[in-house]
Amino acid sequence: MEKPKILFSSVFKPFADQDNLYNRVDSKIELFHNQLTKYQGVFSPRIHYQTFGLHTIANNLGVPSVVLDYPTLKRFIKEVKKGYDYIGIGSIAPNFQKVKRMSEEIRKHSPKTKIIIGGFCAMIENLDKMLDVDYICYGEGISFMRELLGLPKEFQFRQPEVVAETREVLGVPFFWKEYRPCIIVGLGCPYGCDFCSPSHFFGKKHIKFLKTGEEIFREILRFEKKYKADSFGLLGDDNFLADEKRARELHKLVRDSGKQIKLFIFASADLVASWEPEELAEMGVYNIWIGRESKFAPYPKNQNINLKDLVDELRKVGIVITMSSILLFDFHTKENIWEDIEDHLSCRPAFSQFSFYAPAPGTPFYERLKEEGRILFHIPLEDWHAFKQPWFIHPHFSLSEAEEIQRKAYLEDFYRLGPGIVRMIRDELEGYLHLRQSKNPHLRARAEFYARNFFRYRVVLKACSRLAPTPEMREMILEVLGRLDAETRRINLIEEVGSLGIYGFGRF
């Protein structure tokens, strides 16, 4: 039997190119520039991400498949004309118009092709009536595609080779290749917070592709060799520590191997607090994304957790925190919302996200607001994201007031705490200073592992001080550099010249 021809594609580029139909000026595909370092200008790194989900599905079908990462529309049409049996388009809701156009082009140029829509775009109500497509994939895509193709339900998961590629830092283009391998360990989170699209999209399940610590460690070793990398993202899994057995096994393997690596994970505060910070450092954990949400919100994952103290303890072992908070809960007023923002800032995370309490299709929050008649359906789906204006009625904030509150929160974070890249260096230095005194040889080795980057950090910090928009921020940056100088060595002439070069790129 002839194997089917399959094409998977993301939506087409360009992005952040205002045209009032397909695009807006913000680049929603960039995690840092659009969310974590928003409004930080030249201090915001530019990082390119592959379409991890599509590559993961394609790599686990045993059927030759083509994956297009952000093609132009012209390139997509050229591929469509080759006559595929199935074309799957992965997207988020704000790219609905692009999905619609791509579906139309498939019908025009390859009418016999079966069209599949997946990703969070699939959660849009009545999508099947809005688009001429054959299938809509809700939830985990590998199983969906295998069933559609008549393949066995059981399969041995094959890790795709996907990376995050740094393109620019401080205005300096990376002419060389810097890749962070991304290991897809699983999907979803069992906690089921009412606003969380991933948790509800995957049925409040913790789906594990790599079921043991050994499997994860094996992939770390493979990617370490292939990309000469020591930094890895454990992605897809929105609460990595939820499987304690798997995490403990990975901890033991990394510690016993003597390897020093940097792992980026997502984890809830309650589970992070159940580990000793030193244990997480031994595992190689370097950056944890913690959903703070709100000091007033009753989510069990944050109950009885002093987040400020938790972040301080993690910083002592060099663990960098990305913290996300939510604005526009129903209980937020013009008075208490700033109390919430101040509480977030007091934790001094390296990176911050301030998103709206967004009613994404498929979540309980969406259903509640729809029932209450508070969703503004006249707002285009292209604007249904959490980083400009809300698309629902709030009891205390107009749409423009909400946008201004979010903007001010990000600006306070930037001007008061400094650029995210500087805070990251600050926390790594803090970890070095504490771990170098540890009685644990693995943790002392981790201190030296951090110190390998200090020559780069001197250059970056000096350049940042020259690029700082205010005298206060400049002093803040120089304080970190001064501490680095005092605890290790002073910046030398070569590093000074390097910082001037970066300043030149960043300024112009």
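See the structure shown above.
Residues numbered from 1 in each chain as written. Predicted model: local features only at pLDDT ≥ 70, side-chain atom pairs only at ≥ 80, totals over all residues. Heavy atoms only, no water.

Caption draft 1: View of the layout of surface pockets. Looking at the second largest pocket, its volume works out to about 430 Å³. Residue lining of the second largest pocket: 16 residues in total, with Ser 143, Lys 153, Glu 154, Phe 155 and Lys 211 positioned closest to the centre. Those elements giving two or more residues to the lining of the second largest pocket turn out to be helix H6 (141–148) and strand E10 (207–208). A per-element tally of the lining of the second largest pocket places H6 first, with 4 residues. Per-class residue counts for the lining of the second largest pocket are 6 nonpolar, 2 polar and 8 charged. (1 Å grid on protein atoms, 1.4 Å probe; cavity = no way out; pocket = protein on both sides within 12 Å on 5 of 7 lines; lining within 4 Å. Points joined across faces, edges and corners; volume = space filled by probe spheres on them. Helix = DSSP H or I, 4+ residues; strand = E, 2+ residues; numbered from the N terminus. Nonpolar A, V, L, I, M, F, W, Y, C, P; charged D, E, K, R; others polar.)

Caption draft 2: Local environment of the pairing of strand E12 (residues 262–266). Most of E12 is tucked away: 5 of the 5 residues are buried. Note: strand E11 (residues 231–237) against E12, 3 bridges, orientation parallel. Residue Ser 231 lies in a different strand from E12, and its bridge partner there is Lys 262. Handedness of the E11-helix H9 (residues 244–257)-E12 crossover: right-handed. Relative to strand E13 (residues 285–293), E12 is paired through 4 bridges, and the arrangement is parallel. Opposite Phe 264, over in E13, you have Asn 287 as the bridge partner. (Buried < 20%, exposed > 50% of the residue type's maximum accessible area, 1.4 Å probe, protein only. Pairing = 2+ DSSP bridges. Right-handed = clockwise from strand over helix to strand, strands pointing away.)

Caption draft 3: Region of interest: empty space enclosed by the protein. In the structure shown here, the tally under the stated rule is 1 cavity of 30 Å³ or more. Estimated volume of the largest cavity: approximately 60 Å³. Lining the largest cavity are 11 residues, with Phe 15, Asn 23, Asp 26, Lys 28 and Asn 95 positioned closest to its centre. Grouping the constituent residues of the lining of the largest cavity by class yields 4 nonpolar, 3 polar and 4 charged.

Caption draft 4: Expanded view of the packing of aromatic side chains. For the structure shown, the criterion picks out 29 aromatic pairs. A ring pair is formed by Tyr 286 and Tyr 450, whose centres lie 6.2 Å apart and whose planes are at 50 degrees; its orientation type is tilted. Of the two residues, Tyr 286 sits in strand E13 while Tyr 450 sits in helix H17 (residues 441–451), which places them 164 residues apart along the sequence. Note on Tyr 450: relative accessible area 0%, which makes it buried. Feature note: the residues Phe 195, Phe 296, Tyr 299, Phe 329, Phe 331, Tyr 357, Phe 365 and Phe 392 constitute an aromatic cluster, connected by ring pairs. Over the ring of Phe 15 we find Lys 98; its NZ or CZ atom is 4.0 Å from the centre of that ring. Across from the ring centre of Tyr 286, 4.4 Å away, lies the NZ or CZ of Lys 262, which sits over that ring. (Phe/Tyr/Trp six-rings, centres within 6.5 Å; stacked < 30°, edge-to-face > 60°. Lys NZ or Arg CZ within 6 Å of the ring centre and 35° of its normal.)

Keep in mind these numbers describe shape, not what the thing actually does.
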